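Examination of the molecular architecture
Next come the chains, spelled out residue by residue.
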Amino acid sequence: MEIAAYILLMALVLQYPLLESRIKKIQRRADRIEHKLDLILDHLDIQVVGPDLRRVTALLREGKKFEAIKAYRQLTDADLKEAKEAVERIDATRG
């Protein structure tokens, strides 16, 4: 049983570089698609309205940074790292 678990673990470890490579390829493709979409929107003079972040800025004014990050994530579906960075940018430009 231990040998089978070891072999399975080694197989997973060996697959990691392949998965990482595929993820990077998918990310590059998504970036190209997003760039093309931005060009189309610009050409058609379409403005995309982002989420209303007044609640996030209000929480920052109250000194509730954690709650602001949580609210940002709910509004934008961003992951934790993206939300933290965005809230820090908002906080820096606000004061």
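Quick look at the structure, then.

Let us now look at the overall build of the protein. Per the secondary structure count, the protein includes four helices and zero strands. Reading the helices (α) and strands (β) of the protein from amino to carboxyl end gives α-α-α-α. On C-alpha atoms alone, the protein measures out to a radius of gyration of 21 Å, which is more than a quarter above the 12 Å that the 2.2 N^0.38 rule sets for 95 residues. Overall, the protein is about 60 × 40 × 20 Å in size when its C-alpha atoms are taken along their principal axes. Evaluated residue by residue, the protein yields a buried proportion of 14% over its 95 residues. If you take every contact in the protein between residues at least 6 apart in sequence, the share linking residues at least 24 apart comes to 28%.

Moving on, we come to a positive patch on the surface. A surface patch of like charges, here positive, comprises R22, K24, K25, R28, R29, R32 and K36. Overall, the relative accessible area of 57% leaves K25 in the exposed class.

This part takes up helix α1 (residues 2-43). Count 3.6 residues to each turn of an α-helix, and residues three or four apart come out pointing the same way. The terminal C-alpha atoms of α1, which comprises 42 residues, lie 61 Å apart, in line with the 62 Å expected from a rise of 1.5 Å per residue. Y16 marks where α1 bends most, by close to 35 degrees; the proline P17 follows one to four residues later. Positioned one or two residues after α1, D45 has a phi angle of 55 degrees, which is positive.

Turning our eyes to something else, we now look at the nonpolar core. Membership of the largest hydrophobic core is limited to twelve residues, which are V56, L59, L60, A68, I69, A71, Y72, A78, A83, A86, V87 and I90. Within the residue set of this core, elements represented by two or more residues are α2 (54-61), α3 (65-76) and α4 (80-94). When sequence neighbours within four positions are dropped, the list of residues in contact with I90 reads L53, V56, T57, L60 and Y72.

Thresholds applied
- Residues numbered from 1 in each chain as written.
- Predicted model: local features only at pLDDT ≥ 70, side-chain atom pairs only at ≥ 80, totals over all residues.
- Heavy atoms only, no water.
- Helix = DSSP H or I, 4+ residues; strand = E, 2+ residues; numbered from the N terminus.
- Rg over C-alpha atoms; globule rule 2.2 N^0.38 Å.
- Buried < 20%, exposed > 50% of the residue type's maximum accessible area, 1.4 Å probe, protein only.
- Contact = heavy atoms within 4.5 Å.
- Patch = residues over 30% accessible without salt bridge, like charges linked within 9 Å, V, L, I, M, F, W, Y side chains within 5 Å.
- Areas by Shrake-Rupley, 256 points an atom, 1.4 Å probe, with all protein chains shown as cover.
- Salt bridge = Lys/Arg side-chain N within 4 Å of Asp/Glu carboxyl O.
- Lys, Arg positive; Asp, Glu negative; His and termini not counted.
- Charge placed at Lys NZ, Arg CZ, Asp CG, Glu CD.
- Expected span 1.5 Å × (residues − 1).
- Bend = angle between axes of the 7 residues up to and from the residue.
- Core = buried A, V, L, I, M, F, W, Y, C linked by side-chain atoms within 4.5 Å.

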